[in-house]
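This is what each chain is made of:
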Amino acid sequence: MFCLETYLQESDDYDILISRAGFKDCAKIIEENAPEIIYVNAGEKILGARIIGIPPVPVGLNEEKGTILFPYTKPCYGTAVVEIPIPNEEIVKVRDLNIKGC
Amino acid sequence: MKKALVLLGCPESPSQTPMAVYVTYKLKNMGYEVTTASTPSAMKLLEVGDPEGHYIENKIDIDSCIEKLDEGAFDLLIGFIHKDAAVSYFVTFYSILNTTSIAIIFEKDPEKLEEFENIVSESTDAKIVSARAYHNPTPLRVRFDKMIKKLEEN
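Residues numbered from 1 in each chain as written. Chains lettered and ligands numbered in written order. Predicted model: local features only at pLDDT ≥ 70, side-chain atom pairs only at ≥ 80, totals over all residues.

Participant: Quick one: what's the story with the overall build of chain A, residue by residue and with numbers?
Facilitator: Assigned secondary structure in chain A consists of three helices and seven strands. Counting helices and strands in the order they occur from the N terminus, chain A gives α-β-α-β-β-β-β-β-β-α. For chain A, whose C-alpha radius of gyration is 12 Å, the value lies close to the compact-globule estimate of 13 Å for 102 residues. With the C-alpha coordinates of chain A rotated into their principal frame, the extents come out at 35 × 25 × 25 Å. (Helix = DSSP H or I, 4+ residues; strand = E, 2+ residues; numbered from the N terminus. Rg over C-alpha atoms; globule rule 2.2 N^0.38 Å.)

Participant: Explain the pairing of strand S7 (residues 78–85) of chain A residue by residue, including any values.
Facilitator: All names here are of chain A. Strand direction decides the pairing type here: strand S1 (residues 15–21) and S7, joined by four bridges, are antiparallel. Following the sheet pairing, Ala21 is matched in S7 by Thr79. Summarising the sheet, strand S6 (residues 67–74) and S7 pair through eight bridges and their orientation is antiparallel. Bridge pairing in S7 links Leu69 to Glu83. Between S6 and S7, which follow one another and run antiparallel, lie three residues. (Pairing = 2+ DSSP bridges.)

Participant: Tell me what's going on with the nonpolar core, and back it up with residues and numbers.
Facilitator: Residue and element names in this part refer to chain B. Counting residues in each nonpolar core, the largest one holds 70 residues, and the members touching the most others are Leu7, Phe90 and Ile104. Here this core gets 10 residues from one element, more than from any other, and that element is helix H4 (residues 84–97). If near-sequence neighbours (up to four positions away) are discounted, Ile104 is found in contact with Met19, Ile78, Gly79, Phe80, Ile81, Val129, Leu140 and Phe144. (Core = buried A, V, L, I, M, F, W, Y, C linked by C-beta atoms within 7 Å. Buried ≥ 20, exposed ≤ 12 C-beta atoms within 10 Å, placed from the backbone. Contact = placed C-beta atoms within 7 Å.)

Participant: Report on the sheet that holds strand S2 (residues 36–40) of chain A, specifying residues and quantitative values.
Facilitator: Residues and elements named next belong to chain A. Taken in spatial order, the five strands make up an open sheet running S1-S7-S6-S5-S2, and their pairing is antiparallel. Looking at which strands have only one partner, the edges of the open sheet turn out to be S1 and S2. Pairs of neighbouring strands in the sheet enclose a mean axial angle of 25°, with direction left out of account. Looking at chain direction, strand S5 (residues 57–62) and S6 are connected through three bridges and run antiparallel. Within the sheet, the bridge partner assigned to Asn62 lies in S6 and is Thr67. (Axes fitted to C-alpha atoms, helices over the stretch in contact; angles between N-to-C directions.)

Participant: Give a description of the interface of chain A and chain B that names residues and reports values.
Facilitator: At the junction of the two partners, chain A supplies 16 residues and chain B supplies 18 residues. Counting residues per element, the ones that place at least two in the side of chain A that touches chain B are S6 and S7 of chain A. Looking at the side of chain A that touches chain B residue by residue, the classes come out as seven nonpolar, seven polar and two charged. (Nonpolar A, V, L, I, M, F, W, Y, C, P; charged D, E, K, R; others polar.)

Remember, this is a structural readout, not a statement about activity or role.
Structure (C-alpha cells):
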C-alpha cells in the first residue's frame, strides 16, 4: 500500500509548497498553483492514502508535469501542501472523485 | 457491545490527557468498548498515567486507524480539538464513520476557539463541547458531563 510518509522520506522528486500551516491557507495554495482543481470529500483515498481536510478538499492536477498537489496533515505539525508525481491512469481516477461536478 | 472511538490530537495542551482518561472512564461505565486513536507521543502520556491499562485498553496509531477505517466501524466518535490539524482529522474521521459524534474543542485564544467551533459546525452534525481551557480541564469536564447525560437520556 502507498504510504506518503515513506515516499517523502525515500524520494526526492517532490515539492513542498507550504508547511506547518492551517488547512485554509493550504487549500488556497493548491487552488493558486495547479492548472486543474478538483474537489473531493474528506477521507477519500488518492494513490491509496486518505485525504485529510475540511470538505470540499481541493486537489490540484498538472497533467503536463504529471503531478498532483494535495494537503498533508500531521496532528502536531499542521498541514503542508505536497506535489508528487502521479501516473496518467491515476489522474483519471482522481477526476472521478470530483464532488463539484465541473 | 457498542463501540466508541476517542480521537486525540497533539498532546501539547495539558487538559487533553486527563480528559481522555475521564472520557474513557465515562464511556466504559455506559457500556462502550473504547478505542483510543492518537499519536505515539499522546499515547505515551496516557500509558504513563494509566500503567496497568485500567482505562485505556484498546490503542491504535491515528494514521494507521484512518487508513483502515470504514463507515459504521464505531457507534460513537469523540474527538479532542485544540489545533487546526485536529479539526481536519476530526472532520475526516466524521466523514468516513458517518456516526454520532462529539467534538471536544478547547483553546486559550477565544478567536481560535470560535473559529474551530464554526468549522466543526459548518462541516459536520457533531455535538460540540467547548471551553476556553488549557491547564484546567474542569470546564471541559463539566460541559462533557452535561452532553453525555443528554446522550444517555436519548
